[in-house]
Amino acid sequence: MKVTMTVNGQTRTGEAEGRTLLSTFLRETLGLTGTHVGCDTSQCGACVVHVNGKDVKSCTMFAAECDGADVATIEGQCAPDGTLNKIQQAFQDYHGLQCGFCTPGMVMSAAALLRDNPTPSEAEIREYLEGNICRCTGYHNIVRAIMAASGQEVPAVAAE
Amino acid sequence: MPKDGGIGASSKRREDVRFLTGAGNYTDDINVNGQTYAWFVRSDVAHGTINSIDTSAAEAMDGVLKVFTAADFESAGGIPCGWQVTDRHGEPMQEPKHPILAEGKVRHVGDPIACVVAETLEQARDAAEAVEIDIDELEPVLDMKAALEDGAPKVHDELTSNLCYDWGFVEENKEAVDEAIKSAAHVVTLELTNNRLVANPMEPRVAVADYSRARDEYTLYTTSQNPHVIRLLMGAFVLSIPEHKLRVVAPDVGGGFGSKIYHYAEEAFVTHASKVVNRPVKWTSTRSEAFISDAHGRDHKTKIELALDENHMFTALRTDTYANMGAYLSTFAPSIPTWLHGTLMAGNYKTPVIYVNVKAVFTNTTPVDAYRGAGRPEATYQLERVIDKAARELGVDPAELRRKNFIKPEEFPYDTPVAVTYDTGNYHATLDKALEMTDYAGFEKRAEESKARGKLRGYGLAHFIEACGIAPSNLVGQLGARAGLYESATVRVNATGGITVMTGSHSHGQGHETSFAQVVADMIGIDEGMIEIEHGDTANTPMGMGTYGSRSIAVGGSAMVRATEKIINKAKKIAAHLMEASESDIELKDGQFSVAGTDKSVAWGDVTLAAYVPHNYPLEEIEPGLEETAFYDPSNFTYPSGAYVCEVEVDPETGKVEVLGFTAADDFGNVINPMIVEGQVHGGVAQGIGQAMLENCVYDENGQLLSASYMDYTMPRADDMPMFDVDHSCQTPCTHNPLGVKGCGEAGAIGSPPAVVNAVIDALHRGGYTNVEHIDMPVTPARVWAAMNS
């Protein structure tokens, strides 16, 4: 079937089977490979995108369900000239990523968190990230990056 | 003051920009025109005889090009093992064949039996369901000790038993150790398990092969930590493809932690299949598949005995370990419990005699190999747990007992009784730093506060040493390695002064593109932005050994330094000519070549331009161009060390353990990029806390892996971790590599498990549960509660 959705502000149409997942549609049909798939049980969160303003795991939705939807992916987060948004910039500034595989999902989850709760506490950040696994950073610098992106003071660490 | 750039600066990572914008190029992002898809049919039983495989129904299905079985690989070799261990009696280890697809028998759940190649992934998956396999299930062997009993089912019928090797180290010390233990004032004994783990990099493994009939050449894109080694092993030993006809590319790789070091059957499969079907073939692992097909880590059962004299000085150490190899030997598996474990049993201490016995055992489980730290975490865990137990039994302060037995700063270089020489270290400094950072003196007060809230607070200390940058090649060759362990770099200077460095190291999250560039920029005195780092493609990098064992900066970085030194030496010759001066008078500073004692100078860019546009150039004396390659073979391992402290609260009602704080005071020698180094420690500590508290492979009695998805295998999440306090100000530079660096990637995973468990046991003893001497990892609420109520 034909599926049409607005992705990062552009209308995109592609063929999808009934069983085609949104993550597969974005990656394979639309070529937006920034959305990653790290598991098959919807546990890891590497595939988080926004659908109609809500953060969802794109491996848990069918592409057909998103016909007519407004979808935001990691590719649409920086400015047209390539300038990183404040969350992306904070991740770089605070070394909130290493291998980068979980990072798109982390950035999209962080964006959803900060939209709903502009100044989350450390505990609230950690709780919100419950659906995103990172194997590299130990989360320390991800939490700091999100605090920095929210304009809050970043917890100091002994080495600084 | 932190530097703005070069060595010692926390330069921001340049690779982050592509990762943060979705522009990374991971293997699954690669699609080749005309690509087909592979889906493996894997064994769902742990042990069985294959009676028949009927592929006819599957082959008749839409889109199916071919269904492969072992019969299609009769001309191929098995997956090779890269390390030969010789046992106590001088015999070589038992080394069974590891076929690409199972031949006659399946030996673990997940063993690949057949593989469908089809036009689409869905068609391949559907057809895989239609492959009919008749298997007579056999009794599996899962427990290592049971596997060695007479009459135990054999994993490999052609072997004499399930024993891979019985290794003794140092065999000549055995009797002296027995004697010292017999006559010691105190002997402290502990039996423990180092739990089996799955590395779980967030990117599952992927392999895409593209065979060109027109050129008779193969390209393999794969999620690998060492593409050159994959090319060598697969080309020379499995598929008989000349290396110049085989290109292996490991592009952006989403983490490895050891699990992407090895050559896997799937890589050889897609490469061979691509030629057979004459189309590109892509395989992408699912996470569930990863759990049963990626090499697992750890899995030791150990009895350790520490002997002490009446002054509490260590006099001898004896450890007996059973190490699980799983069903087949993964690429480096035999080296982990032997040379990477036995040689670290001295730890940071002056124990005069040590004997290590390791029995490596085949079982019907997924193969085991190196995982972050590889052998060193296993050694450290035993040692630091038994020392803690000794302190408790002797009624002495655990920090003081360690301090008393430490090798002293003035005693380096220090030859241990287990065959290695530590070049430098200052264990007292890192211990003091950790105690200061964690307010050791104030702990009792904090414990009282916890008690008032009904909680048991514990303080867990562990010290560690590790051997990084495995080396040198001629030594490891004597120990059984079938490869050298050097590293390479080519520094290619462009006419306008920009530089491309091609390294045999591979970056999969470590930030080489940033920290390697810092080193070269610092040496020449130019901006980091003028340097580009290339890695991961055998077509454009010199032969290298890849990235694992914290070797990249110590070995790969040293190769880069040597190549850059050659560049500078040649550039000085050119500068001398341009300024009509003697070469010996040329100095290089901040990217300017000057003649000593004069105001004459030429810029880096003038010299590089002259090298490539040789109008005014001594062609009779110096070749044009500015490109140099160096291969660096280290003369010793590097020996980072550190003191780790974990503070926990245990809820006596539920057994739940909460990590309140975690502190790491490390000595990594010189540090190139402090931000990146701290990040590496954070990640390692999280994996260590994960091992200690959450992660575990659980097999049922039939050999089914019960913890085979993220629903069941407890990965550490943000809420499970505290903020970490890390420090690397105690620095004793390595004396034998040009950067003075030691390696930081594995430290966190090595030092943290004993710190966590020591803290939990401390908490229980403070709460009056003095009968609890040990709890095996992971220290789940159920295990802690059971121990308290036993």
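Residues numbered from 1 in each chain as written. Chains lettered and ligands numbered in written order. Predicted model: local features only at pLDDT ≥ 70, side-chain atom pairs only at ≥ 80, totals over all residues. Heavy atoms only, no water.

Undergrad: Would you take a moment to explain the overall build of chain A for this structure?
TA: Counting its regular elements, chain A contains five helices and five strands. Counting from the amino terminus, chain A carries its helices and strands in the arrangement β-β-α-β-β-β-α-α-α-α. Its C-alpha radius of gyration of 16 Å places chain A within 12% of the 15 Å reference for a compact globule of 160 residues. Viewed in the frame of its principal axes, chain A has a C-alpha envelope of about 55 × 35 × 25 Å. For chain A, the proportion of contacts with a sequence separation of at least 24, taken over those separated by at least 6, is 54%. Carbon together with sulfur atoms contributes 49% to the accessible area of chain A, which is approximately 5,900 Å² in total. Here chain A carries 11 positive and 18 negative side-chain charges, and the mean point of each set is 3 Å from the other. (Helix = DSSP H or I, 4+ residues; strand = E, 2+ residues; numbered from the N terminus. Rg over C-alpha atoms; globule rule 2.2 N^0.38 Å. Contact = heavy atoms within 4.5 Å. Areas by Shrake-Rupley, 256 points an atom, 1.4 Å probe, with all protein chains shown as cover. Lys, Arg positive; Asp, Glu negative; His and termini not counted. Charge placed at Lys NZ, Arg CZ, Asp CG, Glu CD.)

Undergrad: What is the right way to read the packing of aromatic side chains from this model?
TA: How two aromatic rings sit relative to each other is given by the distance of their centres and the angle of their planes. All names here are of chain B. Within the structure shown, the criterion is met by 29 aromatic pairs over all chains. Between Phe169 and Trp339, the aromatic rings sit 5.2 Å apart at their centres with planes inclined by 75°, giving edge-to-face as the arrangement. A residue pair is termed long-range when its members are at least 10 positions apart, and Phe169 in strand 7 (residues 163-169) and Trp339 in the loop between strand 16 (314-326) and strand 17 (353-362) qualify at 170 residues. Residue Phe169 shares its accessibility class with Trp339, and that shared class is buried. With centroids separated by 5.9 Å and ring planes inclined at 90°, the aromatic side chains of Tyr644 and Phe662 adopt a geometry described as edge-to-face. Separated by 18 residues along the polypeptide, Tyr644 in strand 28 (residues 641-650) and Phe662 in strand 29 (residues 657-667) bring together distant segments of the chain. (Phe/Tyr/Trp six-rings, centres within 6.5 Å; stacked < 30°, edge-to-face > 60°. Buried < 20%, exposed > 50% of the residue type's maximum accessible area, 1.4 Å probe, protein only.)

Undergrad: Even after reading the chapter, I still don't get the interface of chain B and chain A, so can you show me in this structure?
TA: Interface size is often expressed as the accessible area that is lost when the parts come together. Across the contact, 58 residues belong to chain B and 54 residues belong to chain A. Summing both sides of the interface, chain B and chain A together bury roughly 4,600 Å²; the carbon and sulfur share of this comes to 56%. On the chain B side of the interface with chain A, the three residues burying the most area are Leu20, Met202 and Met723 of chain B, jointly 18% of the side's total. There are five salt bridges connecting chain B and chain A. The closest approach of N and O atoms between Asp126 of chain B and Arg19 of chain A, which form a salt bridge, is 3.3 Å. Here chain B is connected to chain A by 27 residue pairs in polar contact (both at pLDDT 80 or more). Going through the elements one at a time, helix 1 (16-20), helix 3 (121-129), helix 8 (287-293), helix 17 (674-693) and strand 30 (724-727) of chain B are the ones with two or more residues in the side of chain B that touches chain A. With nine residues, helix 17 of chain B is the largest single contributor of residues to the side of chain B that touches chain A. The class makeup of the residues in the side of chain B that touches chain A is 28 nonpolar, 16 polar and 14 charged. (Buried area = accessible area lost by both parts, 1.4 Å probe. Salt bridge = Lys/Arg side-chain N within 4 Å of Asp/Glu carboxyl O. Polar contact = N/O pair within 3.5 Å; in protein donor to acceptor, adjacent residues only side chain to side chain. Nonpolar A, V, L, I, M, F, W, Y, C, P; charged D, E, K, R; others polar.)

Undergrad: Just checking my understanding: could you explain the environment of Phe237 of chain B for this structure?
TA: Residues and elements named next belong to chain B. With respect to the helices and strands, Phe237 occurs in helix 6 (residues 227-238). A C-alpha to C-alpha distance of 31 Å links Phe237 and Glu137, two positions 100 residues apart in sequence. Apart from residues no more than four positions distant in its own chain, Phe237 is found in contact with Gly77, Gly78, Pro80 and Leu232.

Undergrad: Sorry, what's going on with the environment of Ala346 of chain B here?
TA: All names here are of chain B. Position of Ala346 relative to the elements: it lies in the loop between strand 16 and strand 17. Using a relative accessible area of 1% as the deciding quantity, one classes Ala346 as buried. Separated by 72 residues in sequence, Ala346 and Val418 have C-alpha atoms that sit 6.9 Å apart. Ignoring any residue separated from it by four or fewer positions in sequence, one finds Ala346 in contact with Ile354, Leu383, Thr416, Pro417, Val418 and Tyr422.

Undergrad: What's the story with the domain arrangement of chain B in this structure? I'm lost.
TA: Residues and elements named next belong to chain B. Domain boundaries in chain B define domain 1 (31-138 + 202-255 + 260-291), domain 2 (296-471 + 636-789) and domain 3 (486-632). Using C-alpha coordinates to define each centre, domain 2 is positioned 40 Å away from domain 3. Listed as interface residues are 20 residues of domain 2 and, on the opposing side, 19 residues of domain 3. Summed over the three residues of domain 2 that lose the most area to domain 3, namely Ile672, Pro738 and Leu739, the buried surface amounts to 36% of that side. Counting across the domain 2 and domain 3 interface gives zero salt bridges. For the side of domain 2 that touches domain 3, a count of residues per class yields eight nonpolar, eight polar and four charged. (Domains from an automatic or database assignment.)

Undergrad: Sorry, what's going on with the sheet that holds strand 28 of chain B here?
TA: Where strands meet in a sheet, backbone hydrogen bonds hold them as pairs that are either parallel or antiparallel. Residues and elements named next belong to chain B. Ordered in space as 20-28-29-30, the four strands form an open sheet in which the pairing is mixed. A single partner strand is all that each edge strand has here, and the edge strands are strand 20 (456-465) and strand 30. Going from strand to strand, the sheet's axes swing by 10° on average, the running direction of each strand aside. Of the strand pairs in this sheet, strand 29 and strand 30 are connected by four bridges, and their pairing is parallel. Looking at the pairing, Ala664 lines up with Val726 of strand 30. Lying over the sheet, helix 11 (residues 427-437) contacts strand 20, strand 28, strand 29 and strand 30, oriented at roughly 145° with respect to strand 29. (Pairing = 2+ DSSP bridges. Axes fitted to C-alpha atoms, helices over the stretch in contact; angles between N-to-C directions.)

Undergrad: Explanation requested: the domain arrangement of chain A in the structure shown.
TA: Residues and elements named next belong to chain A. According to the domain assignment, chain A contains domain 1 (2-76) and domain 2 (86-150). On the side of domain 2, 16 residues touch domain 1, which itself brings 18 residues to the contact. Buried surface at the junction of domain 1 and domain 2, summed over both partners, amounts to about 1,200 Å²; 57% is from carbon and sulfur atoms. Broken down residue by residue, the surface that domain 1 buries against domain 2 is led by His36, His50 and Ile74, which jointly contribute 38%. Inspection of the domain 1/domain 2 interface yields zero salt bridges. Counting across the domain 1 and domain 2 interface gives eight residue pairs in polar contact (both at pLDDT 80 or more). Where the side of domain 1 that touches domain 2 is concerned, the elements lending two or more residues are strand 3 (48-51) and strand 4 (54-57). Per-class residue counts for the side of domain 1 that touches domain 2 are seven nonpolar, eight polar and three charged.

Undergrad: Please explain the packing of helix 6 of chain B against helix 7 (residues 265-277) of chain B as it appears in this structure.
TA: Packed helix pairs are specified by the crossing angle of their axes together with the interaxial distance, meaning the distance between the axes. All names here are of chain B. At a minimum axis distance of 11 Å, the contact between helix 6 and helix 7 shows a crossing angle of 65°. The handedness of the crossing between helix 6 and helix 7 comes out as right-handed. From helix 6, Ile230, Met234 and Val238 reach across to helix 7, where they touch Glu267, Ala268 and Thr271. Considering only residue class, the contact of helix 6 with helix 7 consists of four nonpolar, one polar and one charged. (Left-handed = near helix turned anticlockwise from the far one by under 90°.)

Undergrad: How should I be thinking about helix 9 (residues 376-394) of chain B in this particular structure?
TA: One turn of an α-helix holds 3.6 residues; hence residues three or four places apart share an orientation. Residues and elements named next belong to chain B. For helix 9, built from 19 residues, the straight-helix expectation of 27 Å at 1.5 Å per residue is met to within 8% by its first-to-last C-alpha distance of 27 Å. Taking burial as the measure, the 19 residues of helix 9 include 17 buried ones, the bulk of the element. Gly395 sits one or two positions beyond helix 9 and adopts a positive phi of about 70°. (Expected span 1.5 Å × (residues − 1).)

Undergrad: What is the right way to read a negative patch on the surface from this model?
TA: Among the surface-exposed residues, Glu124, Glu127 and Glu130 of chain A together with Asp719 and Asp720 of chain B lie close enough to one another that they form a single negatively charged patch. With respect to the helices, strands and loops of the structure, Glu127 of chain A is situated in helix 4 (residues 122-128). (Patch = residues over 30% accessible without salt bridge, like charges linked within 9 Å, V, L, I, M, F, W, Y side chains within 5 Å.)

Undergrad: Looking at this model, I keep getting lost on the nonpolar core. Mind explaining?
TA: Grouped burial of nonpolar side chains is what soluble globular proteins tend to show. The biggest cluster of nonpolar side chains holds 184 residues, and the ones touching the most others in it are Phe91 of chain A together with Tyr422 and Val650 of chain B. Among the elements that line this core, the one with the most residues is helix 18 (residues 747-766) of chain B, at 10 residues. What Val650 of chain B contacts, discounting residues up to four positions off in sequence, is Lys455, Leu456, Gly655, Lys656, Val657, Val760, Ala763, Leu764, Val784 and Met788 of chain B. Listed in part, the 45 residues of the second largest apolar core include Ile553, Ala571, Leu626 and Ile672 of chain B. (Core = buried A, V, L, I, M, F, W, Y, C linked by side-chain atoms within 4.5 Å.)

Undergrad: What exactly am I supposed to notice about the sheet that holds strand 5 (residues 112-118) of chain B here?
TA: Residue and element names in this part refer to chain B. The sheet built from seven strands is open, its strands ordered 3-5-1-13-10-11-12 with mixed pairing. At either margin of the open sheet sits one strand with a lone partner, and together these are strand 3 (64-68) and strand 12 (246-249). Sheet twist, expressed as the mean angle between neighbouring strand axes with direction ignored, is 20°. The pairing of strand 10 (residues 206-212) with strand 13 (residues 281-284) spans four bridges and is classified as antiparallel. Residue pairing across strands places Val206 opposite Thr284, the latter belonging to strand 13.

Undergrad: What is the right way to look at the environment of Glu15 of chain B in this model?
TA: Residue and element names in this part refer to chain B. Along the chain, Glu15 falls in the segment before helix 1. With sequence-adjacent residues up to four places away left out, Glu15 is seen in contact with Gly511, His512, Glu513 and Thr514. Within the local environment of Glu15, its side chain forms a polar contact with the side chain of Thr514, the two groups lying 2.5 Å apart.

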